[in-house]
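One letter stands for each residue in the lines below.
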Amino acid sequence: PSIPKGTRDFGPVEMAKRNYIFNTIRQVYARHGYQYKNAELSEFFGRQPWFKPTDVKMEDIPFTKIELDNIRLIKAQEKN
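Residues numbered from 1 in each chain as written. Predicted model: local features only at pLDDT ≥ 70, side-chain atom pairs only at ≥ 80, totals over all residues. Heavy atoms only, no water.

## Side note on the nonpolar core
By size, the foremost hydrophobic cluster in this structure holds 14 residues, and its most contacted members are Tyr 29, Tyr 36, Phe 45 and Phe 63. For this core, the secondary-structure elements that each account for two or more residues are helix H1 (12-30), helix H2 (39-46) and helix H3 (65-79). Tallying contributions element by element places H1 first for this core, with five residues. Residues in contact with Phe 45, not counting those within four places in the same chain, are Arg 26, Gln 27, Ala 30, Tyr 36, Trp 50 and Phe 51. (Core = buried A, V, L, I, M, F, W, Y, C linked by side-chain atoms within 4.5 Å. Buried < 20%, exposed > 50% of the residue type's maximum accessible area, 1.4 Å probe, protein only. Helix = DSSP H or I, 4+ residues; strand = E, 2+ residues; numbered from the N terminus. Contact = heavy atoms within 4.5 Å.)

Right, dumping it as structure tokens:
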């Protein structure tokens, strides 16, 4: 069977790296009060003592320059 175009299998090391990257980005959004619709993420962040939910939309989060730089760096690493 052929693998559909645009998909890829990741080994355990690659998956661990990807999970770390995505979880780091998610945490930056959550620290601004972003509420995830995904039940697992919502429950996880809801248990964090620092999490203060707001009605902020993802595109309206007022990131600091450092946060934006970190997100760009993390996303660039994800491409490698």
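On we go from here.
## A closer look at the packing of aromatic side chains
Centre distance and the angle of the planes are the two values used to describe a pair of aromatic rings. Within this structure, the stated rule accounts for eight aromatic pairs. For the pair Tyr 34 and Tyr 36, a centre-to-centre distance of 4.8 Å together with 85° between the ring planes defines the contact as edge-to-face. Of the two residues, Tyr 34 and Tyr 36, neither departs from the other in class, the shared state being buried. Arranged with centres 6.4 Å apart and planes meeting at 35°, the rings of Phe 45 and Phe 51 form a pair that is tilted. (Phe/Tyr/Trp six-rings, centres within 6.5 Å; stacked < 30°, edge-to-face > 60°.)

## With respect to the confidence of the model for the protein
Chain-level statistics for the protein give a pLDDT mean of 87 and a share of 86% at 70 or above. Here H3 stands out as the least confident element of the protein, with mean pLDDT 84; H2 is the most confident, with 95. (pLDDT = per-residue confidence, 0-100.)

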